Amino acid sequence: MKTIFKSLLAITVLSMVLGSCGNGDSKKNGALSGNAAERVYVAPGEYDEFYAFVSGGFSGQLAVYGLPSGRLFKVIPVFSVDAEKAYGFNEETKPMLNTSHGFIPWGDSHHPDISQTAGVLDGRWVFINENNTPRIAKIDLTTFETTEILEIPNSAGNHSSSFVTENTEYVVAGTRFSIPFPQRDMPIKEFKGNFKGALTFIKVDPKDGTMDIKFQLMMPGFDYDLSHPGRGASHGWFFFTTYNTEEANSLLEVNASQNDKDFIAAVNWKKIEEYINNGGGTKVPAKYAHNVYTDETHSATSTMRDEVLIVNPSEVPGAIYFMPTPKSPHGCDVDPSGEYIVGNGKLSADLTVHSFSKMIKAIEEKKFDGDAYGIPILQFEATLAGVVKSPGLGPLHTEFDGKGNAYTTFFISSEVVKWKLGTWEVLDRKSTYYSPGHLMIPGGNSGKPFGKYALVMNKITKDRYLPTGPEVTQSAQLFDITGEKMELLIDFPTIGEPHYAAGIPASLIMSKSKKIYKLEENEHPFATKSQTTAKVIREGNEVHIYMTMIRSHFAPDNIEGVQVGDKVFFHVTNLEQDYDVPHGFAMIGAQTSELLIMPGQTETSIWEPKQVGVWPFYCTDFCSALHQEMQGYIRVSPKGSDVPITFTLDGDALDAE
Ligand code: CUA
């Protein structure tokens, strides 16, 4: 134990030394070659070449940037409420955040991945996982809106997620924390041998992307950290790194670092799929939410599911193997050909690369080294393709440029290292500032990377930006990787902690981007499609206001007959049918956010007036030169008052109903 403490201390000291050296270099050399600024400069009115979808980490969201400029275009709300967009505040999107634990206003988003067809990015959807309350979300890339969230039962710390297979047959979600299965009241010290790690395979409907859990593989109680799919020859397999194969439940920093090697689990999902399609697996009770948003009704529904199909490894012999990998591996990265599986042993001095073809041969020749809970352990040498010797300290993640090169981030030595697949020689290294986690090359998890830029996402920024008190910005760094040597082009701040990112050429998405919602297609049950049909209806103590908005007024804009203690529903439809004319809606004293309503869309906000008076509402989005005139009043009378419901626009009393 003492030795480990010492070595961790040595690593920490070394990282501090390297960290400060790196800083010195950067200041001295300016870090940049002369024309770096030109290469990230996107002139006013011109477009970036790539979209980058960058995980918002503990913000729970997904941020959209342009590359190479690093300009932020949009923060897509996914797992956390977002007052700017009314996500989780309006009635339409509240069901998106429903779970088996009830309404959860926050999430920890980690790894976005873009859908693929035949191993190439198709730009239809981006998936992202929530780590804390295990969920997978799908974002539609025509609207850049979250349209589906599926909760993952029997899972905890949903980290080895959400990666897609080469035809988006599956999105995978693996549990980082193993837990009792089924969940129950039991002593924690009985963890070993009793907890299970669920690897969840979610089927994706090729037509509309609807997600559905096909099966959960109940693995031994290790920590399943990251994963990537096989592709090409290895399509049909999925690879997961594990750590804590010691199955420790306390002081993991020491107790989960005892084994010289942990495993990469190789899962033949096609074989398991076949087993299931022939009636295999066991349905067990499970409670998990499935939330779907549709553009037709501009609304989400939440359905609680009640069972899931479980498969135990022993039921499908020959479907799962362990490849020993030094030492608490983190990233599990598969090269574009599908032949090489890189295990980034975060406490190892070397990078271990497994060969898929050697793995198959080793399985055929039964080159096993015992088993773990009945799962065969392949001999280390039998699957080893090669070792990148002493590339740096603390390897975390590897991406590929599609030209035979790999790029690995090193957390402790704060650098990105370029090395060659097959020869395993280190070709280049560049300092990153500081302590990078993931890196991303557009198309990096596919058969066809677009190897022009690598985006490195850093955990620490220290002195890279103007200070903002104790909390400083998170950061990404863009490298040009087209030459022999990598070149640092730009730093830019990110929201939350940028875990992984997914990049795609803008040309594959921008032409499909939706500009408005067609009013005639609006099937929202409370839509008001013309201002003459605007109305106010009392139903008991509920008042439903069917309101429209168009430059630059609300209809109705004066409403009387509301009482203290009422529950007022504003069902607001934006009648505009032009691009980029949203309107907003805000009501004084409302305990929800404003609404931001796109052309053709309907949204609902609830207000419960607590005080008698005449209270204004207004448009929050500067929509025209007369935006400031876009306002109205609600008269609130005492409870039980005989003031009738009336409403007007332009002084004409419209019929009350
Ligand atoms: Cu409508 Cu401002």
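Thresholds, definitions, all that
- Here, residues in each chain are numbered from 1, in the same order as that chain's written sequence.
- Thresholds applied to this predicted model are a pLDDT of at least 70 for local features of residues and 80 or more for the giving and counting of side-chain atom pairs; totals over whole chains, interfaces and linings are not thresholded and use all residues.
- Excluded from the side-chain calculations are hydrogens and water; all other atoms, namely the structure's heavy atoms, are used.
- Numbering of helices and strands starts at the N terminus; helices are DSSP runs of H or I of at least 4 residues and strands are runs of E of at least 2.
- Here the globule rule reads 2.2 Å times residues to the power 0.38, and the radius of gyration is calculated from C-alpha atoms.
- It only takes one pair of heavy atoms within 4.5 Å for two residues to be counted as in contact.
- The accessible surface values rely on the Shrake-Rupley method and a 1.4 Å probe; as for residues, cover is taken only from the protein chains in view.
- Here Asp and Glu are counted as negative and Lys and Arg as positive; His is not counted, and neither are the chain ends.
- The location of each charge is read from NZ of Lys, CZ of Arg, CG of Asp or CD of Glu.
- Note on pairing: DSSP must find at least two bridges between two strands before they are called paired.
- Note on definitions: angles span 0 to 180 degrees between N-to-C directions of axes, and those axes are lines fitted to C-alpha atoms, for helices only across the stretch in contact.
- Only buried Ala, Val, Leu, Ile, Met, Phe, Trp, Tyr and Cys residues count toward a nonpolar core, and they belong to the same one when joined by side-chain atoms within 4.5 Å.
- When a residue's accessible area, from a 1.4 Å probe over protein chains only, is under 20% of the maximum for its type it is buried; when over 50% it is exposed; and in between it is partly exposed.
- Only one rule defines a salt bridge in this text: a Lys or Arg side-chain nitrogen within 4 Å of an Asp or Glu carboxyl oxygen.
- Note on aromatic contacts: the rings of Phe and Tyr and the six-membered ring of Trp form a pair at centre separations within 6.5 Å, being stacked when their planes are under 30 degrees apart, edge-to-face when over 60 apart, and tilted otherwise.
- On a scale of 0 to 100, pLDDT captures the predictor's confidence in every residue.
- Two N or O atoms count as a polar contact when they lie within 3.5 Å, although within protein this holds only if one can serve as hydrogen donor and the other as acceptor, and sequence-adjacent residues are included solely when both atoms are side-chain atoms.
- A patch consists of residues whose relative accessible area exceeds 30% and which take part in no salt bridge; residues with like charges are grouped when within 9 Å of each other, and nonpolar side chains (Val, Leu, Ile, Met, Phe, Trp, Tyr) when within 5 Å.
- Picture the helix axis, draw a direction to every C-beta atom, and the arc is the one those directions span.

Q: Please give an account of the overall build of the protein chain that cites residues and values.
A: Tallying secondary structure elements over the protein chain gives 6 helices and 47 strands in all. Scaling as 2.2 N^0.38, a compact globule of 657 residues should have a C-alpha radius of gyration of about 26 Å, and the protein chain matches this with 27 Å. Over its C-alpha atoms, taken along the principal directions, the protein chain stretches across nearly 85 × 65 × 45 Å. Taking all contacts inside the protein chain whose residues are at least 6 apart in sequence as the whole, residues at least 24 apart take part in 63%. Roughly 25,600 Å² of accessible area belongs to the protein chain as shown, and the carbon and sulfur atoms make up 54% of that amount. A distance of 7 Å separates the average location of the 57 positive side-chain charges in the protein chain from that of its 80 negative side-chain charges.

Q: For the sheet that holds strand 28 (residues 405–410), give the residues involved together with the corresponding values.
A: With antiparallel pairing, the 4 strands of this open sheet are ordered in space as 27-28-29-30. Of all the strands in the sheet, just strand 27 (395–400) and strand 30 (426–431) have a single pairing partner and so form its edges. Mean inter-strand twist for the sheet, computed between neighbouring axes without regard to direction, equals 20°. Strand direction decides the pairing type here: strand 28 and strand 29 (residues 415–420), joined by 6 bridges, are antiparallel. Across the sheet, Phe410 pairs through a bridge with Glu415, a residue of strand 29.

Q: Go over the nonpolar core, please, and point to the residues and values.
A: By size, the foremost hydrophobic cluster in this structure holds 43 residues, and its most contacted members are Phe53 and Leu455. If we skip the residues at most four places from it in the chain, Leu455 touches Val54, Leu67, His438, Leu439, Met440, Ala476, Gln477, Leu478, Phe492 and Ala501. Within the second largest apolar cluster, 29 residues are counted, among which are Phe163, Leu217, Phe222 and Leu309.

Q: How would you sum up the side chain of Glu246? Please name residues and give values.
A: Structurally, Glu246 can be placed in the loop between strand 16 (237–243) and helix 3 (252–255). Lys327 provides the closest opposite charge to the buried, salt-bridge-free Glu246, at an N-O distance of 6.8 Å. Each residue touching Glu246, except ones within four places of it in the same chain, is listed here: Lys192, Asn255, Ala256, Ser257, Gln258, Asn259 and Asp262.

Q: Run through the sheet that holds strand 35 (residues 501–505), naming residues and quoting values.
A: Judged by pairing direction, the sheet is antiparallel, and its 4 strands sit side by side in the order 3-2-1-35 without closing on themselves. The outermost strands of the open sheet, each flanked by one partner alone, are strand 3 (72–76) and strand 35. For this sheet, the mean inter-axis angle between neighbouring strands, taken without regard to orientation, is 20°. Where strand 2 (residues 62–67) and strand 3 come together, 4 bridges link them in antiparallel fashion. The residue of strand 3 that forms the bridge with Leu62 is Ile76.

Q: Please provide a residue-by-residue account of the packing of aromatic side chains, values included.
A: The full count for this structure, using the stated rule, is 34 aromatic pairs. The interplanar angle of 80° and the centroid separation of 5.9 Å between the aromatic rings of Tyr170 and Phe201 together place this pair among those described as edge-to-face. On the criterion of sequence distance, the pair formed by Tyr170 in strand 11 (residues 170–174) and Phe201 in strand 13 (residues 195–204) is long-range, its members being 31 residues apart. Here Tyr170 falls in the buried class, since its relative accessible area comes to 0%. Taking the relative accessible area as the measure of exposure, Phe201 reaches 0% and is therefore buried.

Q: Could you give an account of the pattern of salt bridges, naming the residues involved and the relevant values?
A: Scanning the model with the defined rule gives 26 salt bridges in all. Across the pair Glu497 and Lys459 runs a salt bridge whose closest N-O atoms are separated by 2.5 Å. One end of the pair, Glu497, is in the loop between strand 34 (487–494) and strand 35; the other, Lys459, is in the loop between strand 32 (453–458) and strand 33 (474–480), with 38 residues separating them in the sequence. The partner of Arg464 in a salt bridge is Asp491, and the shortest N-O contact between them spans 2.8 Å.

Q: So what's going on with the confidence of the model for the protein chain? Which residues, and what values?
A: Averaged over every residue, the pLDDT of the protein chain is 93; residues scoring 70 or more account for 94%. Scored below 50 in pLDDT, residues 1–29 makes 25 contacts in the model with residues more than four places away or belonging to other chains.

Q: Please set out the side chain of Ser227 residue by residue, giving values where relevant.
A: On the secondary structure map, Ser227 appears in strand 15 (residues 223–229). We classify Ser227 as buried; its relative accessible area is 0%. A distance of 3.0 Å separates a polar atom in the side chain of Ser227 from the backbone oxygen of Ser160. Sequence-distant contacts of Ser227, defined by excluding residues within four places in its chain, comprise Ser160, Ser161, Phe163, Val172, Phe238, Phe239, Phe240 and Cys332.

Q: So what about a negative patch on the surface? Which residues, and what values?
A: There is a patch of like negative charges on the surface, built from Glu296, Glu520, Glu521 and Glu523. Along the chain, the position of Glu521 falls in the loop between strand 35 and strand 36 (535–539).

Q: Tell me about the pairing of strand 14 (residues 211–220), and name the residues and values.
A: Taking burial as the measure, the 10 residues of strand 14 include 8 buried ones, the bulk of the element. Between strand 13 and the antiparallel strand that follows it, strand 14, lie 6 residues; Gly209 among them carries a positive phi value of about 80°. Judged from the 2 bridges that link them, strand 14 and strand 19 (residues 299–311) form a sheet pairing that is parallel. Following the sheet pairing, Gln216 is matched in strand 19 by Ile310.

Q: Which residues make up the environment of Phe410, and what values do they have?
A: One can find Phe410 in strand 28. Along the primary structure Phe410 and Gly394 are separated by 16 residues, whereas in three dimensions their C-alpha atoms are 5.0 Å apart. Excluding anything up to four places from it in sequence, Phe410 contacts Leu351, Pro391, Gly392, Leu393, Gly394, Pro395, Glu415, Val417 and Pro436.

Q: Before we move on, could you go through helix 4 (residues 269–277) and cite the residues and values that matter?
A: Where helix 4 is concerned, the buried positions are Trp269, Ile272, Glu273 and Ile276. Angularly, the buried residues of helix 4 cover 105° about the axis, an arc narrow enough to put them on a single face. Here helix 4 starts with a cap whose side-chain oxygen sits 3.3 Å from the backbone nitrogen of Lys270, and that cap is Asn268. Downstream of helix 4 by one or two residues, Gly279 has phi in the positive range, about 95°.

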